[in-house]
2 protein chains.
Amino acid sequence: MTIKQIINNYNEYNKQEITLKGWVSTNRGNNKIRFIEINDGSTVKNLQVVLKMDSVDLAAVEQAKIGSAICVGGTLLTTEKAQQPIELQAIQFELLKGTDEDYPIQKKEITLDYLREIPHLRHRTNVFRSVMLIRSVLAQEIHKYFAANDFLYCNSPIITSNDGEGAGELFVVDDENKDQFFKQKATLGVTGQLHAESYALGFNKVYTFAPTFRAEMSHTSRHAAEFWMIEPECSFYDLKQIIKLADDLLKTVIKNTIEKLPHEFEFLQANVKSDLLDTLHKFINKKLTVLEYKDALEILKAHADKFEEKDFSFGIDLGSEHEKFLAGEYVQGPVAVINYPKAIKAFYMYQNDDNQTVAAFDLLVPGIGELIGGSQRETNYEKLLARMNELNMSIEPLQWYLDLRRFGDAMSSGFGIGFERLVMYVTGMSNIRDVIPYPRTPGNLKM
Amino acid sequence: MTIKQIINNYNEYNKQEITLKGWVSTNRGNNKIRFIEINDGSTVKNLQVVLKMDSVDLAAVEQAKIGSAICVGGTLLTTEKAQQPIELQAIQFELLKGTDEDYPIQKKEITLDYLREIPHLRHRTNVFRSVMLIRSVLAQEIHKYFAANDFLYCNSPIITSNDGEGAGELFVVDDENKDQFFKQKATLGVTGQLHAESYALGFNKVYTFAPTFRAEMSHTSRHAAEFWMIEPECSFYDLKQIIKLADDLLKTVIKNTIEKLPHEFEFLQANVKSDLLDTLHKFINKKLTVLEYKDALEILKAHADKFEEKDFSFGIDLGSEHEKFLAGEYVQGPVAVINYPKAIKAFYMYQNDDNQTVAAFDLLVPGIGELIGGSQRETNYEKLLARMNELNMSIEPLQWYLDLRRFGDAMSSGFGIGFERLVMYVTGMSNIRDVIPYPRTPGNLKM
């Protein structure tokens, strides 16, 4: 039994005898009565345990400092109008393991900066408890969504000889003796997309959910060297259909996660972002706006005074300030910007008839900016080859990818969601380092 | 609509008009009537499409060679007693994309060895279609099992400064310019366990499901340099409880996967391993046998004539031949061998009172040998530190791990499942290279 189950069904548990193991959140009182709040990790909520002198040895109870593991047994009592509507009247108490004096998670306020120094302990605060519970349920809901919609879960390789994005800074992998384990240059994948495309050609609808890597020397709050990506790929889907999938996926998993973790969202709303649930409900309920890149430029031009970067000629890439304006102020909700200039997008994207743009989309959300990037893929062998040559890409390592176009690849589309960006959006946390258990950034490799 | 849905509910679809996209498996007939088998990746089963001269242009149909993408429309007819109980009487036909002459997946027999050279195409054979569908459902069922049992999905880091097993050959990671991105030695994780332990301490029950890496120069059919691991970790669980979890997890996910993919198991049973379903059903229905390491030695000694390695003195590690005998011949089902000598097991395992053994278990299954390895963890700081010193391990990089023992770590247990080993067991495939989309082994880094 977990505290979450007790809280969600407290009428059932009224007057029941239970035994519970967990960790002490607070321990106060005197030598006649003590109040311990215990947490078992199932929810951000604690359960209050009341211990009285006549039933247990309160001197022993006093030793159970914050963070200690205890086992308590007794009778659950629910009194709806009380400040603590559920409490455990304990008659058994056992200190399973104490904490040393230097246990850093104490009642006093701790900064997120400080907590980043102790990633092995910080999840024992209410903020990280909430964030990591939401992260976990989000991930499980994503798998559930794809399973329910007949997607094949596909594991693209992590170590690869391809550079999927045709750019980007790569981590190089080798064995310790530089023996060249693979007898060729091996890098950590920046995307699972190209391999996933090969699986969509045959399995129709597939997705990956795996770690990806960038050796970028970025010190921003939105970049990490190691992060998880979700990359669906669907044969026979065009740009419009894949945008619809992205929108439905996000709305479904966010809605289900909120329903499963009401206390954690309430906690984050009260302590991290006061309009969190309002923002998410707006997202869930609002129809996705689709905006041509060219039209987006016109809108930005009309509000040029708001931006540092004021060049809105065709061909520029949108900056973070522009993306945040479009989603946060102009649309006030999610917006998919489509049909970007081909020069600023990846080689594999479908070349539109105008010869200028590709059938790409970025899904922008308020506060975060880009959450998803995707496109229809170019399945014309000659056009794809020509584009790769234009970009001076080396063809041989990607011949297999080109060959898919010779073997029944009629049409496909896909996108990538940076999972940590999604967790940031859904939890209201503003730094990527605070939504992944052990963040990896330049110069930072704790544990 | 998918072919799987049609086959599973064929009475509902009788006489319905449908349109379907997929790829040609066979195309035969003459200039009056043609029979195309089409596959859409939802199942190993094809749907037969019948095209007649009076409804479509058969000259165009003839161009749809194996592997081509087509779109067909017409009426579904089900006749239960026919050899093809379901067929599509098509009146619409469109060739969406053809295949070049050198498309390698033809009707003729192809060896698994040859198919390993074309990992981007081999899933378009019935064997790999079946294997990868089973792999996907197994993975989704594993997530489902843990979600239903209140486990937190925890992402341990991939790039790490720790060497979790205290041994093993590591891949080293650095950026291309050898700029020392992390300013310290960084390796690819061989396990997510140590980090998962930190999360179990607080979240109670957690699991990882992520890629792990070994730079071992192994050329066996059971070793890959990159593979996926599932690692649950449960606070307050002892050895007995964690073995029970392992047994229940395996039985549940295998049972559910068989139920969801009957055609794929039938195909593999008919073409890969003739006793596949029998073996799996035995596994699901048989109570797990638990055997002390010491007793296992006695059993092996009594059958010494069967083995190449005949030394069964206390302290030896069991070889693959011994493991296969214990599960395959002696128990004829799954067996958990427990309480191994501490000298042959990892530093973090719980030290039993006999001072000789640790509370470890290996779960052995017929045909595969070791499928799972796990243990109760040593949570006594002094004992753990002493063991690390005995092994001459460097303490500083693992001080954080030791510290968990000072901060409320009362008890925990966990195990690791090599996901590809599990897929091998469940599909009957005998080479790990054939159960992961893009296998990575020494000297082999295709695509």
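Everything quoted here is computed from the prediction, not taken from an experiment. (Residues numbered from 1 in each chain as written. Chains lettered and ligands numbered in written order. Predicted model: local features only at pLDDT ≥ 70, side-chain atom pairs only at ≥ 80, totals over all residues. Heavy atoms only, no water.)

**Q** Talk me through the pattern of salt bridges; I want residue IDs and the actual numbers.
**A** Counted according to the given criterion, the structure contains 42 salt bridges over all chains. Through salt bridges that share partners, Glu197, Glu233, Arg377, Arg405 and Asp409 of chain A make up one connected network. (Salt bridge = Lys/Arg side-chain N within 4 Å of Asp/Glu carboxyl O.)

**Q** Can you tell me about the packing of aromatic side chains, naming the residues and giving the values?
**A** The geometry of two aromatic rings is summed up by the distance between their centres and the angle between their planes. Evaluated as defined, the whole model comprises 47 aromatic pairs over all chains. Ring centres of Tyr103 of chain A and Phe407 of chain B lie 5.2 Å apart, and the angle between their planes is 50°; on these two criteria the pair is classed as tilted. With one member in each of two chains, Tyr103 of chain A in the loop between strand 5 (86-97) and helix 4 (112-116) and Phe407 of chain B in the loop between helix 13 (399-404) and strand 16 (412-418) form a pair that bridges those chains. We note that Tyr103 of chain A, like Phe407 of chain B, is buried. Their ring planes at 70° and their centres at 5.6 Å tell us that Phe283 of chain A and Tyr425 of chain A sit as a pair that is edge-to-face. Note that Phe283 of chain A is positioned in helix 9 (residues 276-285) and Tyr425 of chain A in helix 14 (residues 419-427), a separation of 142 residues in sequence. Exposure class is identical for Phe283 of chain A and Tyr425 of chain A. Each is buried. Ring pairing ties together the aromatic residues Tyr199, Phe203, Phe347, Tyr348, Trp400 and Tyr401 of chain A together with Tyr438 of chain B, which thus form one cluster. If you follow Lys345 of chain B out to its NZ or CZ, it ends over the ring of Tyr340 of chain B, 4.3 Å from the centre. Seen from the ring of Tyr401 of chain B, Arg405 of chain B lies directly overhead, with NZ or CZ sitting 4.2 Å from the centre. (Phe/Tyr/Trp six-rings, centres within 6.5 Å; stacked < 30°, edge-to-face > 60°. Helix = DSSP H or I, 4+ residues; strand = E, 2+ residues; numbered from the N terminus. Buried < 20%, exposed > 50% of the residue type's maximum accessible area, 1.4 Å probe, protein only. Lys NZ or Arg CZ within 6 Å of the ring centre and 35° of its normal.)

**Q** Outline the pairing of strand 1 (residues 17-29) of chain A, supporting the account with residue identities and numerical values.
**A** Residues and elements named next belong to chain A. One ladder, built from seven bridges, connects strand 1 with strand 4 (residues 69-78); its direction is antiparallel. Bridge pairing links Trp23 to Ala69 in strand 4. Where strand 1 meets strand 2 (residues 33-39), six bridges bridge the pair, whose relative direction is antiparallel. When the bridges of strand 2 are listed, Asn27 appears paired with Ile36. With antiparallel pairing between neighbouring strands as the criterion, strand 1 and strand 2 make up a hairpin whose turn holds three residues. (Pairing = 2+ DSSP bridges.)

**Q** With reference to specific residues and values, describe the interface of chain B and chain A.
**A** The interface is formed by 103 residues belonging to chain B together with 104 residues belonging to chain A. Overall, the association of chain B and chain A removes approximately 8500 Å² of surface from exposure, summing both partners, and the carbon and sulfur fraction of that is 62%. On the surface where chain B and chain A come into contact, there are four salt bridges. The partner of Arg406 of chain B in a salt bridge is Asp100 of chain A, with the nearest N and O atoms 2.7 Å apart. Summed over the shared surface of chain B and chain A, the result is 53 residue pairs in polar contact (both at pLDDT 80 or more). Sorting elements by how many residues they give to the side of chain B that touches chain A places helix 5 (residues 126-148) of chain B first, with eleven residues. Summarising the sheet, strand 8 (residues 171-175) of chain A and strand 8 (residues 171-175) of chain B pair through five bridges and their orientation is antiparallel. Bridging across to strand 8 of chain B, Asp174 of chain A finds its partner in Val172 of chain B. (Contact = heavy atoms within 4.5 Å. Buried area = accessible area lost by both parts, 1.4 Å probe. Polar contact = N/O pair within 3.5 Å; in protein donor to acceptor, adjacent residues only side chain to side chain.)

**Q** Go over the domain arrangement of chain A, please, and point to the residues and values.
**A** Residues and elements named next belong to chain A. Assigned domains within chain A: domain 1 (3-97) and domain 2 (122-434). Between the C-alpha centres of domain 1 and domain 2 the distance comes to 44 Å. Taken residue by residue, the interface counts 13 residues in domain 1 and ten residues in domain 2. Summed over both sides, the interface of domain 1 with domain 2 buries roughly 770 Å², with 51% coming from carbon and sulfur. Contact with domain 2 buries surface across domain 1, with Lys4, Val44 and Lys45 losing the most and accounting together for 52% of the total. Here domain 1 and domain 2 share zero salt bridges between them. In terms of residues, the side of domain 1 that touches domain 2 owes the most to one element, helix 1 (residues 3-8), which gives three residues. Classifying every residue of the side of domain 1 that touches domain 2 gives three nonpolar, eight polar and two charged. (Domains from an automatic or database assignment. Nonpolar A, V, L, I, M, F, W, Y, C, P; charged D, E, K, R; others polar.)

**Q** Mind laying out the side chain of Thr78 of chain B, listing which residues take part and the relevant values?
**A** Within the secondary structure layout, Thr78 of chain B lies in strand 4 (residues 69-78). If we ignore the near neighbours within four places in the chain, the residues touching Thr78 of chain B are Tyr10, Asn11, Asn14, Pro85 and Ile86 of chain B.

**Q** Give me the lowdown on the side chain of Thr441 of chain A, citing residues and values where you can.
**A** Turning to its location among the elements, Thr441 of chain A is positioned in the segment after helix 14. Classification of Thr441 of chain A by relative accessible area gives buried; the value is 3%. Beyond its immediate sequence surroundings of up to four residues, Thr441 of chain A is in contact with His223, Ala224 and Arg433 of chain A together with Phe181 and Phe182 of chain B.

**Q** Could you give an account of the state of the cysteines, naming the residues involved and the relevant values?
**A** Disulfide: a covalent bond connecting the sulfur atoms of a pair of cysteines. Under the defined criterion, the tally for this structure stands at zero disulfides over all chains. Just so you know, Cys71 of chain A is unpaired, no disulfide at all, and the nearest cysteine sulfur is the one on Cys234 of chain B, 17 Å from it. Under the relative-accessibility criterion, Cys71 of chain A is labelled buried at 12%. (Disulfide = S-S within 2.5 Å.)

**Q** Account for the sheet that holds strand 3 (residues 47-52) of chain A, naming residues and giving values.
**A** If you trace the five strands once around the closed barrel, you get 1-2-3-5-4 (chain A), paired in mixed fashion. On average, each strand axis in the sheet is tilted by 55° relative to the strand beside it, whichever way the strands run. (Axes fitted to C-alpha atoms, helices over the stretch in contact; angles between N-to-C directions.)

**Q** Can you lay out the relation of the copies chain B and chain A for me, pointing to particular residues and giving the numbers?
**A** Mapping chain B onto chain A calls for a screw motion: a turn of 180° about the axis and a shift of 0.0 Å along it, with 0.0 Å RMSD after fitting. Between the two chains, the operation in question is that of a two-fold axis. Considering only C-alpha atoms, the residue of chain B closest to the rotation axis is Val173 of chain B, which sits at 2.4 Å. (Least-squares fit on C-alpha atoms with pLDDT ≥ 70 in both.)

**Q** Before we move on, could you go through the sheet that holds strand 10 (residues 205-213) of chain B and cite the residues and values that matter?
**A** Residue and element names in this part refer to chain B. Pairing within the open sheet is mixed, and its eight strands lie in the order 6-10-11-16-15-14-13-12. In the strand order of this sheet, the two ends are held by strand 6 (152-153) and strand 12 (289-292), each with one partner. Where strand 6 lies against strand 10, two bridges are found, and the strand directions are parallel. Of the residues in strand 10, the one forming a bridge with Tyr153 is Tyr207.

**Q** Talk me through the environment of Trp400 of chain B; I want residue IDs and the actual numbers.
**A** Tracing the chain through its elements places Trp400 of chain B in helix 13. Trp400 of chain B sits in the buried class, given a relative accessible area of 6%. Along the primary structure Trp400 of chain B and Glu141 of chain B are separated by 259 residues, whereas in three dimensions their C-alpha atoms are 33 Å apart. Apart from the residues within four sequence positions on either side, Trp400 of chain B is in contact with His120, Tyr438 and Met447 of chain A together with Asn162, Leu194, His195 and Ser198 of chain B. Among the polar contacts made by the side chain of Trp400 of chain B, one reaches the main-chain carbonyl oxygen of Pro397 of chain B at a distance of 3.2 Å.

**Q** Outline helix 12 (residues 381-390) of chain A, supporting the account with residue identities and numerical values.
**A** Residues and elements named next belong to chain A. Buried within helix 12 we find Tyr381, Leu384, Arg387 and Met388. Looking straight down helix 12, one finds its buried side chains confined to an arc of 135°; they lie on one side. Exposed residues on helix 12 whose side chains face more than 90 degrees from its buried face are Glu382 and Glu390. Where the residues of helix 12 are buried, they touch helix 13 (399-404). Among the residues of helix 12, the N-terminal cap falls to Asn380, whose side-chain oxygen and the backbone nitrogen of Glu382 are separated by 3.0 Å. (Arc of directions from axis to C-beta.)

**Q** Could you give me a rundown of the packing of helix 10 (residues 293-302) of chain B against helix 11 (residues 320-331) of chain B, with the residues and numbers involved?
**A** Packed helix pairs are specified by the crossing angle of their axes together with the interaxial distance, meaning the distance between the axes. All names here are of chain B. Packing of helix 10 against helix 11 brings their axes to within 11 Å, and their N-to-C directions diverge by 85°. Considered as vectors, helix 10 and helix 11 are oriented roughly perpendicular to each other. Across the interface between the two elements, Ala296, Ile299 and Leu300 of helix 10 pack against His322, Phe325, Leu326 and Tyr330 of helix 11. (Parallel < 35°, antiparallel > 145°, perpendicular 65-115°, else oblique.)

**Q** Now, about helix 6 (residues 193-203) of chain B: what can you tell me, with residues and values included?
**A** All names here are of chain B. In terms of burial, helix 6 is a largely internal element, eleven of the eleven residues being buried. Along helix 6, the residues that are buried comprise Gln193, Leu194, His195, Ala196, Glu197, Ser198, Tyr199, Ala200, Leu201, Gly202 and Phe203. Where helix 6 terminates, the next one or two residues include Asn204, which has phi positive at roughly 80°.

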